[in-house]
Amino acid sequence: MRDKLLGAAAARPLLVVAALTVVLLLIVLSGATRNLPLDLLIRSYSAPEEGPQNCSLASPMEPAKDKLIGGLLSPGFDEPSCLSRYQSAQFWKSSNHTPSPYLLQKLRSYEALHKRCGPHTDLYNKSIDQLRSNRSTGPLECNYVVWLQSGGLGNRLISLISTFLYAILNNRVLLLSVPDDLHDMFCEPFPGTSWALPSDFPIKKLETQDFYGRSPQSYGNLLKNKVISNGMDATHASLPAYLYLHLTHDADDSDKMFYCEDAQPLFRSFPWLFLRSNQYFTPSLFLMSQYNDELQKLFPEKETVFHHLSRYLLHPANSVWGYVTRYYEAYLANAKERVGIQVRIFPNAPVKFELMLDQVINCTLKEKILPDIKVEVAANLTTTGGGVKPKAVLVTSLQTGYFEKLRNMYYEHSSITGDAIGVYQPSHEERQRTENQNHNTKALAEMYLLSFSDVLVTSAFSTFGYVAQGLGGLRPWIVLRPDNQNPPCRQALSMEPCFHFAPAYDCKAGRNIDKGTVVPHVKHCEDLDFHWGLKLFD
């Protein structure tokens, strides 16, 4: 009897462990628990280990994806110093969009130019001497465009890609005035050199009124005051050493003369341009006939501009990449399908939570992105069978409400398909805090996590969503505002971002026109209720 009692007692811990394991498995599959927030992952790890990480990116039956993305990336980097550069491709859906041979050639040529003209080279130092002279001497062997930040992280990244394209088209070197809240978030994209403006740059205060809309050095004000004019000889001794281009959403009519074709020869005469924008102004470059041939060779598929250039340029630093891969492995890696849902409500155009939630749910159910539920039946995971992988839903929002409602919806009820739906949210910041680096780190990590989706749902007008869809090569379902009898959502016809505040003024005609009808590949954006936004299409 004593032996039997001992045997029973010994078995009890095993039964308890087994029971707990089953319960935990059911909870995880149902998405019932609040998943570990990105905050915890950030606090728990200081940096990823050196060397390649084991991210379980492909099943044994799947071949490894091309880490150089069809030759887009240069192989001449030390891989452990920037793990994301060569690992990102393993997470993205396979893309049918191959970079053109001409784009690859142009990027290699640009890398050579940047290495020759980058910070503290002899040619850079020569250009700095010209800058210190306080007058324009005409173009030099190395000419520069300095990107200045404006807006949230999404706005910054779409404007950065546009500025890089402008640099390529005009044989300029791109340098960044890196704000404190973006330090050490990205890897250097060009081999053997840096894209960061050096700390000893002679102009120190780039975030003062001298480099905003009212700057006396701005192109718009100089034009208004008739100090310069489009088509003039910029080697004139009275002209300044540099030109500031103010291209944010609040640029005035004089600033927007930048988009006139006859302004471009004037700009080429200045070795130093400083450009501030929070807009994706790329579509305007496709409306300038002088760039037509070059852009056609670079991007035969017009909707791939941001897709290719963002994958080339934007590589999260190891500290950020560690957050991305750990979260992916913890919650998304084993899903049979990954659905990204990005919800953005703008403070200056508020929408009631219940109305926006209805739009999100109606969109995902109507378009069969997520399965409907059996309202009268409690959640029952036994219908899925053993070993069936769940569908993972990644929600990104400043608030928790959308995540909680979706999580409870699939926890409390069975889906009509019998699928288990896990719902996860990495962070909830409550409000945008662009000046905070920790906030920006989470934002960048979540943009990348969304870009790994199989299906993506985004919010109208959101630059955060634009970055995710462009990186992932996805045409998202855009959730529209519940105004004006809008449908819940519509699918984008192009993965390009929208140029929200595109100018309507036609410089040749001398009047406003509909810029969305000038060329077949530049049309109005699908996600705006107003009609001055422009976007690239094929």
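Thresholds applied
Residues numbered from 1 in each chain as written. Predicted model: local features only at pLDDT ≥ 70, side-chain atom pairs only at ≥ 80, totals over all residues. Heavy atoms only, no water. Helix = DSSP H or I, 4+ residues; strand = E, 2+ residues; numbered from the N terminus. Buried < 20%, exposed > 50% of the residue type's maximum accessible area, 1.4 Å probe, protein only. Areas by Shrake-Rupley, 256 points an atom, 1.4 Å probe, with all protein chains shown as cover. Contact = heavy atoms within 4.5 Å. Pairing = 2+ DSSP bridges. Axes fitted to C-alpha atoms, helices over the stretch in contact; angles between N-to-C directions.

**Regarding the overall build of the protein chain**
And step 1. A tally of helices and strands in the protein chain yields 16 helices and 16 strands.
And step 2. Taking all 538 residues of the protein chain together, the buried fraction comes to 56%.
And step 3. Carbon and sulfur atoms make up 54% of the accessible area of the protein chain, which totals about 23300 Å².

**A closer look at the environment of V518**
And step 1. Here V518 lies in the loop between β14 (511–512) and β15 (522–524).
And step 2. V518 sits in the partly exposed class, given a relative accessible area of 43%.
And step 3. Sequence separation between V518 and L287 is 231 residues; the distance between their C-alpha atoms is 7.8 Å.
And step 4. Apart from residues lying up to four places away in sequence, V518 is in contact with L287 and I513.

**Some remarks on the pairing of strand β3 (residues 242–246)**
And step 1. Across the five residues that make up β3, a large majority, five, are buried.
And step 2. Side chains Y242, Y244 and H246 project from β3 onto one buried face, and the interleaved L243 and L245 project onto a second face that is buried too.
And step 3. In terms of strand pairing, β3 meets strand β4 (residues 272–276) through five bridges, oriented parallel. When the sheet's bridge partners are listed, L243 is paired in β4 with L273.

**Notes on the sheet that holds strand β5 (residues 337–342)**
And step 1. Across the sheet, which stays open at both edges, the six strands sit in the order β9-β7-β5-β10-β11-β12 with mixed pairing between neighbours. The two strands at the open ends of the sheet, each matched to only one other strand, are β9 (421–424) and β12 (489–491). Pairwise comparison of adjacent strand axes, ignoring direction, gives a mean angle of 20° for this sheet.
And step 2. In the sheet, strand β11 (residues 477–479) pairs with β12 via three bridges, with the strands oriented antiparallel. Bridging across to β12, I478 finds its partner in R490.
And step 3. Contacts from helix α15 (residues 437–451) reach β5, β7 (391–396) and β10 (455–459), with the element oriented near 145° to β7.

**A closer look at unusual backbone geometry**
And step 1. For N134, which is not a glycine, the phi torsion comes out positive at approximately 65°.
And step 2. When you line up the elements, N134 lands in the loop between α5 (122–132) and β1 (144–148).
And step 3. The backbone of K368 shows a phi angle near 60°, a positive value even though the residue is not glycine.
And step 4. Assignment of secondary structure puts K368 in the loop between α13 (353–366) and β6 (373–378).
And step 5. The class of K368 is exposed, set by a relative accessible area of 74%.

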